[in-house]
Amino acid sequence: MTRTVTTAALGLAAAALSLSSPALAQPQESVQTEAGALGLETVVDGLVHPWGMAFLPDGRLLITEREGRLRLLSQEETLSEPLEGVPEVFNQGQGGLLDVALHPDFASNRYVYLSFADPGSGGATTALGRGRLNDDRLEDFEVLFRMEPRVEHENHFGGRIVFADDETLFLTLAERFQFDPAQDPSNHLGSVVRLNADGTPADGNPFLDDEAARDEIWSYGHRNIESAALHPETGELWIAEMGPLGGDELNRPEAGRNYGWPEVSWGKHYDGEEIPDPGDEGDYAGSVKQWTPVISPSGMIFYTGDALPEWQGSMLIGGLSEQGLVRLTLNGNEVANEERLPLGARIRDVEQGPDGRVYVLTDEADGKLIRLAPLEDDGA
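The structure presented is a predicted model; accordingly, all values stated were derived computationally and were not measured. (Residues numbered from 1 in each chain as written. Predicted model: local features only at pLDDT ≥ 70, side-chain atom pairs only at ≥ 80, totals over all residues. Heavy atoms only, no water.)

With that settled, consider the overall build of the protein chain. When helices and strands are counted, the protein chain shows two helices and 24 strands. With respect to the principal axes defined by its C-alpha atoms, the protein chain has extents near 60 × 45 × 40 Å. Looking at the 380 residues of the protein chain, the share that counts as buried comes to 56%. If you take every contact in the protein chain between residues at least 6 apart in sequence, the share linking residues at least 24 apart comes to 57%. On the protein chain, roughly 15,400 Å² of surface is accessible, and the fraction owed to carbon and sulfur atoms is 43%. A distance of 3 Å separates the average location of the 27 positive side-chain charges in the protein chain from that of its 66 negative side-chain charges. (Helix = DSSP H or I, 4+ residues; strand = E, 2+ residues; numbered from the N terminus. Buried < 20%, exposed > 50% of the residue type's maximum accessible area, 1.4 Å probe, protein only. Contact = heavy atoms within 4.5 Å. Areas by Shrake-Rupley, 256 points an atom, 1.4 Å probe, with all protein chains shown as cover. Lys, Arg positive; Asp, Glu negative; His and termini not counted. Charge placed at Lys NZ, Arg CZ, Asp CG, Glu CD.)

Following this line, the structure appears as structure tokens:
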């Protein structure tokens, strides 16, 4: 299958996204769930398209803004000025400063990892780097990995960072709206890569002995992955990736497997052209679940806190076009139950705080950090 991206096709894509993203509702103060009513408290606003967040051991919170700013929320919930030492980013379309994560041994090494759209000759690409957090700045920031090749396009960067139990990390990528290269493991497009903490290929990667494939690749044939989390019991990576016109997927990416894009998909191309469904042809890994209409997944955690005991073990996925959270209950490697939590805003990221509560970032020019917590029973 060969696809040529035209201006008309991109226009149809934008139209499709607008159809799946109704006008934002008025701010809500609560949401009803299967576990009872939850209050929605705005912790801080005034964030410009926030993308990722990571809690520090002392309870402070790092937040990225897509335009290229890294902010620090204090324990008193006041927002810092942008931190110095952040790399220059390609701030166009879906590009910019993306995810933030802490090294598992952050308490001693102070390493903060950032994913970002990296500008350069030949176009932008998704990059991963790290620096040491020192007061109001990142020191000695260095780029550890860049997706190859670069592409002259402003959409589909992926960018979630997930550390595994062995201190290797997964970085989710995207096919940069280039379609067919996602089927070619000689490049990084449309893949999940697994790296050592210094950015080198991790031992045990499936293509280390294959001269025709990139050593960093863990799995390939993906479209655009902005949701990823490690299962707290099995240690396995789970992802949710964006489909085209329909067909968002929940996957458990296995080493060396091909997930089919763009040869197969549960959705259609934006111009309406049909795509064979997974399972109809080829030796492609199947998805755990698919969503049509799409939820546009971004951000994911497995909830392990005590504030919402009914949610323990659940997977929480942020939804952009869904404008809320999607809560999944798993039975082994299958989805046993799904609950939708409408929040009235595009949710870009979700995280569990040290207090066991759930925090979400809204993707807006006046973006917010919102805390979800059980409403107090007033006896009424």
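There is more to say after this.
Scanning the entire structure with this criterion turns up 11 aromatic pairs. Both rings, one in Phe 55 and one in Tyr 359, keep their centres 5.3 Å apart while their planes meet at 70°; by these two values the pair is edge-to-face. Residue Phe 55 is found in strand 3 (residues 50–55), and its partner Tyr 359 is found in strand 23 (residues 358–362); the two are separated by 304 residues along the sequence. Residue Phe 55 shares its accessibility class with Tyr 359, and that shared class is buried. Within the aromatic cluster, the residues linked to one another by ring pairs are Phe 177, Phe 179, Trp 261 and Tyr 270. Sitting above the plane of the Trp 261 ring, Arg 223 keeps its charged end 5.3 Å from the centroid. (Phe/Tyr/Trp six-rings, centres within 6.5 Å; stacked < 30°, edge-to-face > 60°. Lys NZ or Arg CZ within 6 Å of the ring centre and 35° of its normal.)

Bringing the pairing of strand 21 (residues 334–342) into the picture now. As judged from the eight bridges shared by strand 20 (residues 324–331) and strand 21, these two strands associate in the antiparallel manner. Residue pairing in the sheet places Gly 324 in a bridge with Pro 342 of strand 21. Where strand 20 folds back on strand 21, the antiparallel hairpin that results is connected by two residues, among which Gly 332 adopts a positive phi of roughly 70°. (Pairing = 2+ DSSP bridges.)

Right, let's get into the confidence of the model for the protein chain. Model confidence for the protein chain is summarised by a mean pLDDT of 93, while 91% of its residues fall at 70 or above. Confidence, expressed as mean pLDDT per element, reaches its minimum in the protein chain at helix 1 (residues 7–19) with 43 and its maximum at strand 12 (residues 192–195) with 99. Note that pLDDT drops below 50 for residues 6–26; the model gives that stretch 26 contacts with residues more than four away or on any other chain. (pLDDT = per-residue confidence, 0-100.)

With antiparallel pairing, four strands are arranged side by side in an open sheet as 6-7-8-9. The open sheet terminates on both sides in strands that have one partner only, identified here as strand 6 (97–102) and strand 9 (137–146). The mean angle between the axes of side-by-side strands here comes to 25°, regardless of whether they run parallel or antiparallel. Where strand 6 meets strand 7 (residues 111–118), four bridges bridge the pair, whose relative direction is antiparallel. Bridge pairing in strand 7 places Val 100 opposite Leu 114. (Axes fitted to C-alpha atoms, helices over the stretch in contact; angles between N-to-C directions.)

This part takes up the sheet that holds strand 19 (residues 315–319). Taken in spatial order, the four strands of this open sheet run 18-19-20-21, and their pairing is antiparallel. The open sheet has two edge strands with one neighbour each: strand 18 (297–302) and strand 21. Looking at each pair of strands side by side, their axes are set apart by 20° on average, direction ignored. Direction of pairing for strand 18 relative to strand 19: antiparallel, over a ladder of four bridges. From the neighbouring strand, Ile 301 faces strand 19, where its bridge partner is Leu 316.

Our focus in this paragraph is the nonpolar core. Counting 21 residues, the largest nonpolar core has Tyr 113, Leu 128, Phe 145, Ile 161, Leu 169, Leu 171 and Val 193 as its most contacted members. Those elements that place two or more of their residues in this core are strand 7, strand 9, strand 10 (161–163), strand 11 (169–172) and strand 12. If we skip the residues at most four places from it in the chain, Phe 145 touches Thr 126, Ala 127, Leu 128, Leu 171, Leu 173, His 188, Val 193, Leu 195 and Glu 216. By size, the runner-up hydrophobic cluster in this structure holds 18 residues, among which are Leu 56, Leu 72, Val 100 and Phe 106. (Core = buried A, V, L, I, M, F, W, Y, C linked by side-chain atoms within 4.5 Å.)

Time to look at the side chain of Glu 226. Along the chain, the position of Glu 226 falls in strand 14 (residues 225–230). Glu 226 sits in the buried class, given a relative accessible area of 5%. Among the polar contacts made by the side chain of Glu 226, one reaches the side chain of Asn 224 at a distance of 3.5 Å. There is a polar contact of 2.6 Å between the side chain of Glu 226 and the side chain of Arg 348. Among all residues touching Glu 226, those that are not within four sequence positions of it are Trp 51, Gly 158, Arg 160, Ala 240, Met 242, Pro 297, Ser 298, Gly 299, Leu 320 and Arg 348. (Polar contact = N/O pair within 3.5 Å; in protein donor to acceptor, adjacent residues only side chain to side chain.)

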